[in-house]
Amino acid sequence: MRHARKLLIALFAGAALPLAGLPAHAAAPTPVDPAQHGQMLDIWKKMIAIPTVHGRGQTRAMADYIAGLLKQGGFAAEDIVIEGDGDDISLAARYRGTGKGKPILLSGHMDVVEARPSDWTRDPFVPVEENGFVYGRGALDMKFGDAVLVSTLLKLKAEGFKPSRDILLLLSGDEETAMATTARLAERYGGDAELLLNADGGGGMLDDQGKPVAFYVQGGEKTYADIEISVTDPGGHSSRPGATNAIATLAQAIDRIAAYKFPAQVNEITRAYFKATGKQVGGTIGAAMLRFADDPNDAAAVATLRAEPEYVGITGTTCVPTMLSGGHALNALPQKATVSVNCRIFPGVPIDSVRDTLAKVIDNPKATVTIIDHPLGSDASPLRPDLMKAVRKGIDQSFPGLPIVPQMAAGATDSLYFRAKGVPSYGVLGMFLNPADDFSHGLNERAPVASIDPALRLMRTLIVDLSK
């Protein structure tokens, strides 16, 4: 998860109705080989024990550990590529297929955010299994997903599975920071791929009794962008105020930005989300969801949803002032004042158009409006029937008939760079979690051991069915 950028936009707002047909008869969970369960747990813990925090120089150690597992499991050395220096390390491993179809990509990242042992109840890099959870930095974000990918590929290799297309495991090393390794992997492998399965997105929700409520498929992400607005002025002595003042001018611009609302928008994913969730939520908000799904220009529905922090981000682009600076001395007229505006841009909306809109809203030639980073934007991925069918099959092996709901994330995962290359990308991690247990990036991060089997069942089904 890249800072707060990957907070789930659905925010576990409620259960929903299934998008794919339910099975005619509920079936008992498909057994998982106990040996694979144990292997996956062992790999997960060993990954957590490697402190792949940016600046510590341990990302290569994790890449080497994974490469060693793959080689022991039958992958040819020439099919495993580790690149980069320092912590900017990436790993690519090819599971060779028998046909000429476009490859399927499996995505994850090896790095984690910093964790100080003095702040934690336990050492964050000594994995502990306790009360049904594994504790440690990266237990949730995202070494569980990495272990699922590696364990699944090792199991398929041991069984002699022969896909009709290549399967590429792509693990970045700086997803939590600059995403330079992500960009490199997308450039190298994203030009000719059928689709990407990301183990760093999606997932299942548990209620307070531990019962599965819904499974979310992440098919889109809002684009993160920081835009800087500055006003300059000659300044002077504060005892001689003039007709202009950089801070006062900027304050007017901030007021206009705060009052402006970008047009409401929907896409295939958010429309399906609102239709499904609205029926379950009910009441005033549920009714607004259903009306908005049918007509995003319904002003009353938009107003109702945008009054709720859980839903405002799903209705379109948002831009809010987040940091402010100005002036250089208490007794001097300000020569410069600057505000940083954080924008979460709806999929498919050009970043430059958001900047231009802000400039029109401010309507002051003295203000400069500049994009201070250069994020990528991309459309949401289509809800492919083959993908949704495979997800339905994989979920039914653990929780027959569980609702499956599309989801849009608030910001960047590695999928962003691949979508920008035209690769349909989907977050499909089979982690089932109660929102109260989500401590990713926080203190005492943990993840439930009970998610191992559902995650292995789902990932195996997706890889096997989609690589035929």
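The structure under discussion appears in the preceding block.
Residues numbered from 1 in each chain as written. Predicted model: local features only at pLDDT ≥ 70, side-chain atom pairs only at ≥ 80, totals over all residues. Heavy atoms only, no water.

Draft legend 1. Spotlight on the overall build of the protein chain. The number of helices and strands found in the protein chain is twelve helices and 19 strands. On C-alpha atoms alone, the protein chain measures out to a radius of gyration of 24 Å, which is about the 23 Å that the 2.2 N^0.38 rule sets for 468 residues. Here the C-alpha coordinates of the protein chain stretch approximately 80 × 50 × 50 Å along the principal axes. In the protein chain, 80% of the contacts between residues at least 6 apart in sequence involve partners at least 24 apart. When the accessible area of the protein chain is evaluated, it comes to approximately 18,900 Å², of which 53% is carbon and sulfur surface. Counting 47 positive and 52 negative side-chain charges, the protein chain places the centres of these two groups 3 Å from one another. (Helix = DSSP H or I, 4+ residues; strand = E, 2+ residues; numbered from the N terminus. Rg over C-alpha atoms; globule rule 2.2 N^0.38 Å. Contact = heavy atoms within 4.5 Å. Areas by Shrake-Rupley, 256 points an atom, 1.4 Å probe, with all protein chains shown as cover. Lys, Arg positive; Asp, Glu negative; His and termini not counted. Charge placed at Lys NZ, Arg CZ, Asp CG, Glu CD.)

Draft legend 2. Summary view of the sheet that holds strand β19 (residues 446-448). Ordered by their spatial adjacency, three strands build an open sheet running β4-β5-β19, and the pairing between neighbours is antiparallel. On the outer flanks of this sheet lie β4 (128-130) and β19, each paired with one strand and no other. Strand-to-strand twist of the sheet, defined as the mean angle between neighbouring strand axes without regard to direction, takes the value 25°. Where helix α1 (residues 34-48) meets the sheet, it contacts β4, β5 (133-135) and β19, and its direction lies at approximately 25° from that of β5. (Pairing = 2+ DSSP bridges. Axes fitted to C-alpha atoms, helices over the stretch in contact; angles between N-to-C directions.)

Draft legend 3. Highlighting the state of the cysteines. Within the structure shown, the criterion is met by one disulfide. Covalently, C319 is tied to C343 through a disulfide, its sulfur atoms 2.1 Å apart. Handedness of the C319-C343 disulfide follows from its S-S torsion of about 115°: it is right-handed. Remark: C343 occurs in strand β14 (residues 336-345) and C319 occurs in strand β12 (residues 318-326); sequence separation between them is 24 residues. With relative accessibility at 10%, the residue C319 sits in the buried group. The exposure class of C343 is buried, given its relative accessible area of 0%. (Disulfide = S-S within 2.5 Å. Buried < 20%, exposed > 50% of the residue type's maximum accessible area, 1.4 Å probe, protein only.)

Draft legend 4. Highlighting the packing of aromatic side chains. In this structure the tally under the stated criterion is nine aromatic pairs. Seen in terms of ring centroids, F215 and F432 are 5.9 Å apart; in terms of plane orientation they differ by 35°. Their pairing is tilted. Remark: F432 occurs in strand β18 (residues 432-433) and F215 occurs in strand β9 (residues 212-221); sequence separation between them is 217 residues. What makes F215 buried here is its relative accessible area of 0%. Among the aromatic side chains, those forming a connected cluster through ring pairs are F75, Y95 and F161. (Phe/Tyr/Trp six-rings, centres within 6.5 Å; stacked < 30°, edge-to-face > 60°.)

Draft legend 5. Broad picture of the side chain of D437. Mapped onto the fold, D437 is located in the loop between β18 and β19. Classification of D437 by relative accessible area gives buried; the value is 15%. Polar side-chain contacts of D437 include one of 2.4 Å to the side chain of R446. With residues up to four places along the chain from it excluded, the contact list for D437 reads F133 and R446. (Polar contact = N/O pair within 3.5 Å; in protein donor to acceptor, adjacent residues only side chain to side chain.)

Draft legend 6. Spotlight on the nonpolar core. Of all hydrophobic cores here, the largest spans 116 residues; its most connected members are W44, I66, L91 and L169. It is helix α12 (residues 452-466) that contributes the most residues to this core, nine residues altogether. The contacts of L169, once residues within four sequence positions are left out, are L70, L91, A92, A93, L106, L149, V150 and L153. Formed by 15 residues, the second largest nonpolar core is a distinct cluster that contains M179, L185, A186 and Y189. (Core = buried A, V, L, I, M, F, W, Y, C linked by side-chain atoms within 4.5 Å.)

Draft legend 7. Quick peek at the pairing of strand β1 (residues 80-85). Here β1 pairs with strand β2 (residues 88-95) via six bridges, running antiparallel. In the strand pairing of β2, I80 is matched with A93. Linking two consecutive strands that pair antiparallel, namely β1 and β2, is a turn of two residues; a positive phi of about 60° is found at G86 within it.

Draft legend 8. How the structure looks around the packing of helix α6 (residues 268-281) against helix α7 (residues 283-294). Direction vectors running N to C along α6 and α7 enclose 155°, while the axes themselves pass 8 Å from each other. Viewed along their axes, α6 and α7 adopt a mutual orientation that is roughly antiparallel. With respect to the hand of their crossing, α6 and α7 are arranged in left-handed fashion. Contacts between α6 and α7 pair R271, F274, K275, T277, G278, K279 and V281 from the former with G283, I285, G286, M289, L290, F292, A293 and D294 from the latter. Residues belonging to the contact of α6 with α7 are distributed by class as follows: seven nonpolar, four polar and four charged. (Parallel < 35°, antiparallel > 145°, perpendicular 65-115°, else oblique. Left-handed = near helix turned anticlockwise from the far one by under 90°. Nonpolar A, V, L, I, M, F, W, Y, C, P; charged D, E, K, R; others polar.)

Draft legend 9. Structural context of unusual backbone geometry. The peptide bond linking D141 to M142 adopts the cis configuration, its omega dihedral lying at -5°. With respect to the helices, strands and loops of the structure, M142 is situated in the loop between β5 and α3 (143-158). With a phi close to 60°, M179 is a non-glycine residue in the positive phi region. Residue placement: M179 occurs in the loop between β6 (165-172) and α4 (180-189). Positive phi, normally seen in glycine, also occurs at H441, with a value near 70°. In this fold, H441 is placed in the loop between β18 and β19.

Draft legend 10. Region of interest: the pattern of salt bridges. By the definition in use, this model includes 25 salt bridges. Its salt-bridge partner being R94, residue D166 comes within 2.9 Å of it at the nearest N-O pair. You can see D166 sitting in strand β6 and its partner R94 sitting in strand β2, a full 72 residues away along the chain. What makes D166 buried here is its relative accessible area of 16%. (Salt bridge = Lys/Arg side-chain N within 4 Å of Asp/Glu carboxyl O.)

Draft legend 11. How the structure looks around the environment of F399. Of note, F399 is situated in the loop between α10 (385-396) and β16 (404-409). The exposure class assigned to F399 is partly exposed, which follows from its relative accessible area of 23%. Sequence spacing of F399 and E114 is 285 residues, and the spatial spacing of their C-alpha atoms is 35 Å. With sequence-adjacent residues up to four places away left out, F399 is seen in contact with P212, R392, F432 and P454.

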